[in-house]
Amino acid sequence: EASAGEKKRWTLSDFDIGKPLGRGKFGHVYLAREKRSNHIVALKVLFKSQLQQSQVEHQLRREVEIQSHLRHPNILRLYGYFYDQKRVYLILEYAAKGELYKELQKCKYFSERRAATYVASLARALIYCHGKHVIHRDIKPENLLIGAQGELKIADFGWSVHTFNRRRTMCGTLDYLPPEMVESVEHDASVDIWSLGVLCYEFLYGVPPFEAKEHSDTYRRIVQVDLKFPTKPIISSAAKDLISQMLVKDSSQRLPLHKLLEHPWIVQNADPSGVYKA
Ligand SMILES: COCCOc1ccc2cc1OCC(=O)N(C)CCCNCc1c[nH]c3ncnc(c13)N2
């Protein structure tokens, strides 16, 4: 056993590999059990060749370094990592209820209580991250997982926690980008308030607020903050008020995350435990 201080050297033979949990851009994620402790984990396998091709291996190293120090109930734990000739393996907390975006697709949109409970837990996770000078957790639905008790977990390692000019081509959608990033000017932790506002809108309406057929139209809608609320589903004015205070072009005018937790819509709808009980 490695003593508390030194890092344990993991190898693939320490794990029984179970069912695949899904495929990401750079590799597969598997259910796995650590043999000695019988601890169930998720094992993400990344191919070194693909990481080299996309020149992200140094970013991954930095991400893993940062992520391994984050400890929050709404941030997926990274327990450790190891590598062999061809692959890098990330040993991760297992989120038993899987991907949030699949749940959102299935329900089309969430109730105000469910949306508020998720938004409040994400706000707490982001307050924690900002307290550690970690920003831009890239909180779109694809990067959110659901734990065994229904709690939300940010799984994405952002790739861009300290990089300011991440190329969006790597991750496709523009939908979540705030104006300052779309216009690729300096940005700070308030980008996360914008993205959380976009996410809150999508939880309630089932589509992101600035969606358009063409990238150029989405781009224009974002920089103009062309925010419209559909008539269906019927959403409370408190929810619209909160979203309107987050999707503000001037990043210094966006509702601070700790104020979000005191907003009437959150106070009246979010379950204090951070767990949505159907
Ligand atoms: C550089 O990589 C950073 C870490 O990225 C991830 C960590 C953990 C992940 C997924 C991650 O990236 C996204 C990705 O690979 N997919 C979209 C495919 C698999 C989807 N997950 C399915 C899943 C279900 N129960 C889970 N419990 C824990 N982790 C999971 C999952 N996935």
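For the structure itself, consult the block above.
Quick notes on the rules
Residues numbered from 1 in each chain as written. Predicted model: local features only at pLDDT ≥ 70, side-chain atom pairs only at ≥ 80, totals over all residues. Heavy atoms only, no water. Salt bridge = Lys/Arg side-chain N within 4 Å of Asp/Glu carboxyl O. Buried < 20%, exposed > 50% of the residue type's maximum accessible area, 1.4 Å probe, protein only. Pairing = 2+ DSSP bridges. Helix = DSSP H or I, 4+ residues; strand = E, 2+ residues; numbered from the N terminus. Axes fitted to C-alpha atoms, helices over the stretch in contact; angles between N-to-C directions.

Engineer: Go over the pattern of salt bridges with me, naming the residues and quoting the values.
Structural biologist: On inspection of all chains with the given rule, the structure shows 13 salt bridges. When the shortest N-O distance is used, the salt bridge between Glu151 and Lys153 registers 3.8 Å. By relative accessible area, which is 13% here, Glu151 ends up buried. A salt bridge links Lys277 to Asp271, with the nearest nitrogen and oxygen atoms 3.1 Å apart. For Asp271, a relative accessible area of 18% puts it in the buried group. The network of salt bridges with common partners includes Glu93, Glu151 and Lys153.

Engineer: If you had to explain the sheet that holds strand 2 (residues 27-34) to someone new, which residues and values would you point to?
Structural biologist: Taken together, the five strands give an open sheet; going across it, the order is 1-2-3-5-4, and neighbouring strands pair in antiparallel fashion. In this open sheet, the two strands that pair with only one neighbour each are strand 1 (15-23) and strand 4 (78-83). Each neighbouring strand pair of the sheet contributes to a mean axis angle of 25°, computed without reference to strand direction. Where strand 3 (residues 39-47) and strand 5 (residues 87-92) come together, six bridges link them in antiparallel fashion. Residue pairing across strands places Leu43 opposite Ile91, the latter belonging to strand 5.

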